[in-house]
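As a plain string of letters, each chain reads:
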Amino acid sequence: MLTFEEKQQIIEEFPELVKKEVSMKRLNYHYEESLYDKTVVVQHLHPNGNAFVYVADVKGYEADERGLVNVREYSADELRTVIRAAIEGLATEVQAPETIAETWQNSNGQMLTLLEEDGFFNIYHEVNLEEGFGDYQEAASYLKEEGFSVKTK
């Protein structure tokens, strides 16, 4: 395990982080250029060597409910990697996945709209909700069974 001083030295290799002292001789390191309200990258670096790094939405890390991972037992390379990933996560705008909006038509010319809304896949006839499904495949299967296919543009 790295000592407090070794962890502090590694963390301070990142010039974009700003050190702030907190209670009980602990240190926080902030990324003030964060695109989000959250700016703390390293939380509560303690003289006993314990610390947390904010990795919410960073792939490859299992964060707790606060978005933090404990780095007490991390090696120097692991610590550098997780800090870099945390900074990049706060510096990168999360792109919202494209929602699905499709028009389906049957052989009689009748049209239905399949929309993804709040995690559900809803089928509309004009403005009226006809059916709702938990995933795209269920909705598409239903439409196919009813004789509809995706209308090409």
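Look up a bit, the structure's there.
About the cut-offs
Throughout this document, residue positions are counted from 1 along each chain, in the order its sequence is written. Residue-level local features of this predicted model are given only where pLDDT is at least 70; pairs of side-chain atoms are given and counted only at 80 or more, and the full residue set underlies all totals for whole chains, interfaces and linings. Only hydrogens and water are set aside when side-chain values are computed; all heavy atoms of the structure are taken into account. Definition used in this section: a nonpolar core is a set of buried Ala, Val, Leu, Ile, Met, Phe, Trp, Tyr and Cys residues joined via side-chain atoms within 4.5 Å. For every residue, the accessible area obtained with a 1.4 Å probe (protein chains only) is divided by the maximum for its type, and the residue is called buried under 20%, exposed over 50%, and partly exposed between those limits. Working definition: helices are DSSP H or I runs of at least four residues, strands are E runs of at least two. Numbering for both runs from the N terminus. Any two strands with at least two DSSP-identified bridges between them are counted as paired. The rule is short: rings of Phe, Tyr and Trp, with Trp giving its six-membered ring, pair when the centres are within 6.5 Å, and they are stacked under 30 degrees, edge-to-face over 60, tilted in between. Working rule: Lys NZ or Arg CZ, within 6 Å of ring centre, within 35 degrees of ring normal, means a charge sits over the ring. What counts as an axis is a line fitted to C-alpha atoms, over the stretch in contact for a helix, and the angles between N-to-C directions run from 0 to 180 degrees. An angle below 35 degrees is read as roughly parallel, one above 145 as roughly antiparallel, one from 65 to 115 as roughly perpendicular, and any other as oblique. Handedness of a crossing follows from how the near helix is turned relative to the far one, being left-handed for an anticlockwise turn of less than a right angle and right-handed for a clockwise one. Should any heavy atoms of two residues lie within 4.5 Å, those residues are counted as being in contact. Each residue gets one of three labels, nonpolar for Ala, Val, Leu, Ile, Met, Phe, Trp, Tyr, Cys and Pro, charged for Asp, Glu, Lys and Arg, and polar for the others, Gly among them.

Engineer: Lay out the nonpolar core with the relevant residues and their values.
Structural biologist: Generally speaking, nonpolar side chains in soluble globular proteins are found buried as a group. Leu-17, Val-41, Val-42, Val-53, Val-82 and Ile-83 are the most contacted members of the largest nonpolar core, which has 29 residues in total. Mapped onto this core, the elements with two or more residues apiece are helix 1 (4–11), strand 2 (27–31), strand 3 (40–45), strand 4 (52–54), strand 5 (68–70) and helix 2 (76–91). Looking at which element gives the most residues to this core, the answer is helix 2, with seven residues. Leu-112, Ala-139, Ala-140 and Leu-143 belong to the second largest nonpolar core, which has 10 residues in total.

Engineer: Got a sec to walk through the sheet that holds strand 9 (residues 128–133)? Specific residues and values, please.
Structural biologist: Taken together, five strands build an open sheet; the order of strands is 9-8-7-6-10 and the sheet is antiparallel. Each edge of the open sheet is held by one strand with a lone partner, namely strand 9 and strand 10 (149–150). Judged from the two bridges that link them, strand 6 (residues 101–105) and strand 10 form a sheet pairing that is antiparallel. For Trp-104, the partnering residue across the bridge sits in strand 10 and is Val-150.

Engineer: Now, about the packing of aromatic side chains: what can you tell me, with residues and values included?
Structural biologist: This structure, assessed with the given rule, holds two aromatic pairs. Ring centres of Phe-121 and Tyr-136 lie 6.1 Å apart, and the angle between their planes is 75°; on these two criteria the pair is classed as edge-to-face. Linking Phe-121 in strand 8 (residues 120–125) with Tyr-136 in helix 3 (residues 136–145), this pair joins segments that are 15 residues apart in sequence. A residue is classified by how much of its surface remains accessible, and Phe-121, at 8% relative accessible area, is buried. A centroid spacing of 5.3 Å and a plane angle of 40° characterise the contact between Phe-133 and Tyr-142, whose relative ring orientation is tilted. Residue Tyr-142 is classed as partly exposed on the basis of its relative accessible area of 25%. The ring of Phe-52 carries the charged tip of Arg-66 above its face, separated from the ring centre by 5.5 Å.

Engineer: Kindly report on the packing of helix 1 against helix 2, identifying the contributing residues and their values.
Structural biologist: Here helix 1 crosses helix 2 at 40°, and the two axes come no closer than 10 Å. It follows from the interaxial angle that helix 1 and helix 2 lie oblique. Between helix 1 and helix 2 lies a crossing of right-handed hand. The residues of helix 2 that touch helix 1, namely those facing Lys-7, Ile-10 and Ile-11, are Ala-76, Leu-79, Arg-80 and Ile-83. The residue inventory of the contact of helix 1 with helix 2, partitioned by class, reads five nonpolar, no polar and two charged.

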